[in-house]
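# Report on the structure
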Amino acid sequence: MAIYEPERMWWNPLSKDERIWVGVALIWMLVSFIFMPIYHVVGSQNPPSETYKVTAEDFDKLVEGMVAKYKVGEENGFPVVHPNPSEPIYVRASMWQWYPVLELEKGKTYRLHLSSMDIQHGFSILPINMNFMALPGYDYVLKLTPTTTGEFHIVCNEYCGIGHHTMVGKMYVK
Amino acid sequence: MANFQFRTDPLSGLKIEKSSENLIKWNVIAALATLAVGGLMALLVALTRWPSVHLLGATNYYRFLTLHGIDALLAWIIFFEVALVHFTSTVLLGTRSYVPWLGWLAFALMLIGGGVINVIVLLGGADVMFTSYVPLKADPIYYLGVILFAVGALLGFIIFFINVTLSKRDGGYKRSLPLGSFGMAAGSIIAVLTLAHGAAIFIPTLLWALNIIGYVDPAAYRLVFWGLGHPSQQINVSAMVAVWYMTAAFVVGSKPVNEKLSRTAFVLYILFINVASEHHLLVDPVLSTWHKIVNTSYMMHLAVLASMIHAFAIPASIEVALRRQGFTRGLFEWLKKAPWGNPAFSGIAISILLFGFLGGITGVIFGTEQFNIIRHNTWAITGHFHGTVVAGTTIAFMGFTYLLIPYIFKREIIWKGFATIQPYLYGVGVATLSIGMMSAGQFGVPRRHYDITFSGAPFSFTFDPAIDMFMSMMGVGGVLAAIGGVLYILISFGSIIFGKKIGD
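Anyway, here's the lowdown on the structure attached to this text. This one's a predicted model, so the numbers in the text were calculated from it and none came from an experiment.

Here we come to the overall build of chain A. A count of helices and strands for chain A gives two helices and twelve strands. Overall, chain A shows an N-to-C arrangement of helices and strands of α-β-α-β-β-β-β-β-β-β-β-β-β-β. Counting only C-alpha atoms and orienting by the principal axes, one finds that chain A spans roughly 80 × 35 × 30 Å. Here chain A holds 174 residues, and 52% of them are scored as buried. A separation threshold of at least 6 residues defines the contact pool for chain A, and within that pool the share at least 24 residues apart is 56%.

Below, the structure written as structure tokens:
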């Protein structure tokens, strides 16, 4: 029993039922085990890993440079930016806003740089529900190709203080 | 050996020494007390996230959510596990507690650490959530409290090794530990590794909060914190599985069908889960893709295989035991005639079922590199771990309490009728809550979020209206679970204080 010491010899062969169960479980595990890296090679949607160290000041300069160059309008006090797809684009997280509002073109591939000015934030694009982390001190590069047009929102999903629930940004795909 | 007071428990036949009995009693009492606080916080938080109630203000919501994590995930579970350490390293072997002073030191440190955390969080000095991701800063006292608690817990688990080593000398066992103790041995080994990670991250963070060091790297913090955060859940899994085996043995007299298989499964937990805890970092910057793949999927699946083995071995051993008692008609007579009215038995049955189907399977899915993109930091994650640590570990521990009260506290369970329905009520509540969270998370509803209508935000976003039903499911499940939790606390404390004395 589980509450008593086992008999002297307990290293016994598995019974048929046990062998079948362990075999089936093992095959299932192996399938998942192999499939994830395979999908990483053949699939089109994988978490990126390209990262650079960056200071908040330097990142802010890059963001403002993009805004100054490509600003096409303003919405609720945020600049709306229509960047050139061949240039890097930036999203800046800070307590408690996503800056600026990006206007992207469908089918074009962008390199989106994501960083935080202060503490950790969660970059969640809704309603398509894709989620990445924005950390201070790191520039995370997401290779992004919008496939549907419309209006998207960026919600913060990493707790970042009392205004966390007001941290909502916007993005357009045209 | 003459001065140690042993007694033989009339119900279980266990040989129990006085000082280990007291250690188990007080750790269980502390566990119950912290669950009561953590559970109250849970109810308040659930009622806030239920949109049609939206009870608390933002400040209190985040404050109580932080406290809920600390009390319900850390304090309740670890106090109970330290009680299990004492139980499996002394009572189960029929030998004494060799280092009661160390047991009390560990208990005192955990109590002081837990108390300090509770006070500083309630005073508003640490609205940082359970994860306290830097550079979000709490009062240094908060980190000090965590360190005190963790050192206490570490000593608590070290006692396991001291006791089993000396017990062998006194003939507590000849060659191999009983399976229940073996499971706690796995848990204790994982605990030492895990708590070392805790020290490696919380000590620098404390120094940073005291302005002694200037900078703690946020990415490095996440990496080392999750070396504490997720493997510590594997302590819970090992302890829970040990409780499954022990409860099955106490209640229906079952015997592991194959000791080799069950023990190998515990070894798989020890070997593979520590390196599998990086699925929290799948959508983080910094780490390379192949680093993420190896440290999540590859190792995790071998630990999942271990759980699959237990999922077979425990029901099989229960079936064998019940068939031996004469329930042999057809395929399922044993299942129909199982002691469903015994809350210890129904507790583990519910725990096995919900841990596997709710917690386990979702854990495997959400920990996959690509799926994690659509699950990270959504409410689905919260749903997953309420399926593991609440529907799994907590219900198993609740069930085991109904054995510890007669065996260790020498009291009969009061309110037997309520005790019979308690695990079902709690189980249905937590399952509903967990499924509601996972389904809402599917639509991107974030976790740890005060207001998903985003009032006061510069842009407003409206979720798919389908989430209303899932949010309400969570709320109703939360209320049901709270009723089940209150019943558990009342029955346990009531039995300890007013239950009819057994034996004397």
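There's plenty left to go through after this.
Quick look at the packing of aromatic side chains now. Applying the stated criterion across every chain yields a total of 41 aromatic pairs over all chains. Relative to F470 of chain B, the ring of F443 of chain B has its centre 6.1 Å away and its plane inclined at 25°; by these criteria the two rings are stacked. With F443 of chain B in the loop between α14 (416-442) and α15 (467-498) and F470 of chain B in helix α15, this pair connects stretches of sequence that are 27 residues apart. A relative accessible area of 26% means that F443 of chain B is categorised as partly exposed. One aromatic cluster is present, formed by F130, Y133, Y142, Y143, F202, Y221, F225 and W226 of chain B through successive ring pairs. In this structure, K174 of chain A is placed above the aromatic ring of Y172 of chain A, and the distance from its NZ or CZ to the ring centre is 5.5 Å. In this arrangement the basic side chain of R222 of chain B is found over the ring face of Y133 of chain B, its NZ or CZ atom lying 4.5 Å from the centre.

What follows concerns the pairing of strand β7 (residues 110-116) of chain A. All names here are of chain A. Counting buried positions over the seven residues of β7 gives six, a clear majority of the element. Relative to strand β10 (residues 138-144), β7 is paired through five bridges, and the arrangement is antiparallel. Its bridge partner being in β10, H113 is matched across the sheet by V141.

Our focus in this paragraph is a positive patch on the surface. A surface patch of positive charge is lined by R8 of chain A together with K168, K174 and R175 of chain B. Here R8 of chain A lies in the segment before α1 (16-42).

This next bit is on the packing of helix α1 (residues 18-49) of chain B against α15 of chain B. Residue and element names in this part refer to chain B. Packing of α1 against α15 brings their axes to within 9 Å, and their N-to-C directions diverge by 160°. Regarding the angle of α1 to α15, the classification is roughly antiparallel. Handedness of the crossing formed by α1 with α15: left-handed. Along the contact surface, α1 presents I29, L32, A33, L35, A36, L43, A46, L47 and R49, while α15 presents M471, M474, G478, V479, A482, Y488, I489, S492, F493 and I496. Among the residues forming the contact of α1 with α15, the class breakdown is 16 nonpolar, two polar and one charged.

A word on the sheet that holds strand β2 (residues 71-75) of chain A. Residues and elements named next belong to chain A. As summarised here, the arrangement of the seven strands in space is β2-β3-β6-β12-β11-β8-β9, forming an open sheet in which the pairing is mixed. For this open sheet the edge positions go to β2 and β9 (130-134), each flanked by a neighbour on one side alone. With direction set aside, neighbouring strand axes in the sheet form an average angle of 25°. Summarising the sheet, strand β11 (residues 150-156) and strand β12 (residues 168-173) pair through six bridges and their orientation is antiparallel. Within the sheet, the bridge partner assigned to E151 lies in β12 and is Y172. The sheet contacts of helix α2 (residues 56-70) involve β2, β3 (78-81) and β6 (101-104), and relative to β2 the element is tilted by about 100°.

Moving on, we get to the side chain of H280 of chain B. All names here are of chain B. By the secondary structure assignment, H280 is in the loop between α8 (259-272) and α9 (289-324). Only 2.8 Å separates the side chain of H280 from the side chain of H230, close enough to count as a polar contact. If sequence neighbours within four positions are ignored, H280 has contacts with R222, W226, H230 and H376.

Residues and elements named next belong to chain A. Strand order in the open sheet formed by five strands is β1-β10-β7-β4-β5, with mixed pairing between adjacent strands. With one partner strand each, in any of the chains shown, β1 (51-53) and β5 (97-99) form the two edges of the open sheet. When the angles between neighbouring strand axes are averaged without regard to direction, this sheet yields 25°. Contacting β4 (89-94), β5, β7 and β10, α2 crosses the sheet at an angle of about 125° to β4.

Residues and elements named next belong to chain B. Interaxial distance between helix α11 (residues 343-366) and α14 falls to 9 Å at its minimum, and their mutual angle equals 10°. On the basis of the axis angle, α11 is roughly parallel to α14. Residues P343, S346, G347, I350, L354, L358 and T362 of α11 pack against A419, P423, Y424, G427, A431, S434, I435 and M438 of α14. The class makeup of the residues in the contact of α11 with α14 is ten nonpolar, five polar and no charged.

Attention now goes to unusual backbone geometry. Residues and elements named next belong to chain A. Following M95, the chain continues to W96 via a peptide bond in cis, the omega torsion being -5°. Its location among the elements puts W96 in the loop between β4 and β5. In this structure, the amide linkage connecting L126 to the following residue, P127, adopts the cis form with an omega of 5°. Within the secondary structure layout, P127 lies in the loop between β8 (121-126) and β9.

Here is what the cut-offs are and how they apply
- Residue numbering note: each chain is counted from 1, following its sequence as written.
- Labels are handed out in written order, letters beginning with A for the chains and numbers beginning with 1 for the ligands.
- Under the rules for a predicted model, residues below a pLDDT of 70 receive no local features and side-chain atom pairs below 80 are neither given nor counted, while totals for whole chains, interfaces and linings still include all residues.
- As a rule here, side-chain values cover all heavy atoms of the structure and leave hydrogens and water aside.
- Numbering goes from the N terminus for both helices and strands, where a helix is a DSSP run of H or I of at least four residues and a strand is a run of E of at least two.
- In this scheme, a residue with accessible area under 20% of its type's maximum is buried, one over 50% is exposed, and one in between is partly exposed, where area comes from a 1.4 Å probe on protein chains only.
- For this analysis, residues touch if any pair of their heavy atoms sits within 4.5 Å.
- Here a Phe, Tyr or Trp ring, Trp counted by its six-membered ring, pairs with any other such ring whose centre lies within 6.5 Å, and the pair is stacked when the planes are under 30 degrees apart, edge-to-face when over 60, and tilted otherwise.
- Two thresholds decide whether a charge sits over a ring: the Lys NZ or Arg CZ must be within 6 Å of the ring centre and within 35 degrees of the ring normal.
- In this scheme, strands are said to pair when DSSP sees at least two bridges between them.
- What makes a patch is a set of residues exposed beyond 30% relative accessible area and free of salt bridges, joined within 9 Å when like-charged and within 5 Å when nonpolar (Val, Leu, Ile, Met, Phe, Trp, Tyr).
- To measure how exposed things are, a 1.4 Å probe is used in the Shrake-Rupley method; for residues, cover is taken only from the protein chains shown.
- Within this document, salt bridges are pairs made up of a side-chain nitrogen of Lys or Arg and a carboxyl oxygen of Asp or Glu, the two lying within 4 Å of each other.
- His residues and chain termini do not enter the charge count, which takes Lys and Arg as positive and Asp and Glu as negative.
- Charge positions come from single atoms, namely NZ of Lys, CZ of Arg, CG of Asp or CD of Glu.
- For helices, the fitted line uses only the C-alpha atoms of the stretch in contact; every axis is such a line through C-alpha atoms, and the angle between N-to-C directions lies from 0 to 180 degrees.
- We call two directions roughly parallel when the angle between them is under 35 degrees, roughly antiparallel when it is over 145, roughly perpendicular when it lies between 65 and 115, and oblique otherwise.
- Note on convention: the crossing is left-handed when the near helix lies turned anticlockwise from the far helix by less than a right angle, right-handed when the turn is clockwise.
- All residues other than Ala, Val, Leu, Ile, Met, Phe, Trp, Tyr, Cys, Pro, Asp, Glu, Lys and Arg, Gly among them, are scored as polar; the first ten of these are nonpolar and the last four charged.
- Two N or O atoms form a polar contact when they lie within 3.5 Å of each other; inside protein one atom must be a possible hydrogen donor and the other a possible acceptor, and for residues adjacent in sequence the pair counts only when both atoms belong to side chains.

That's the geometry; what it means functionally is another story.
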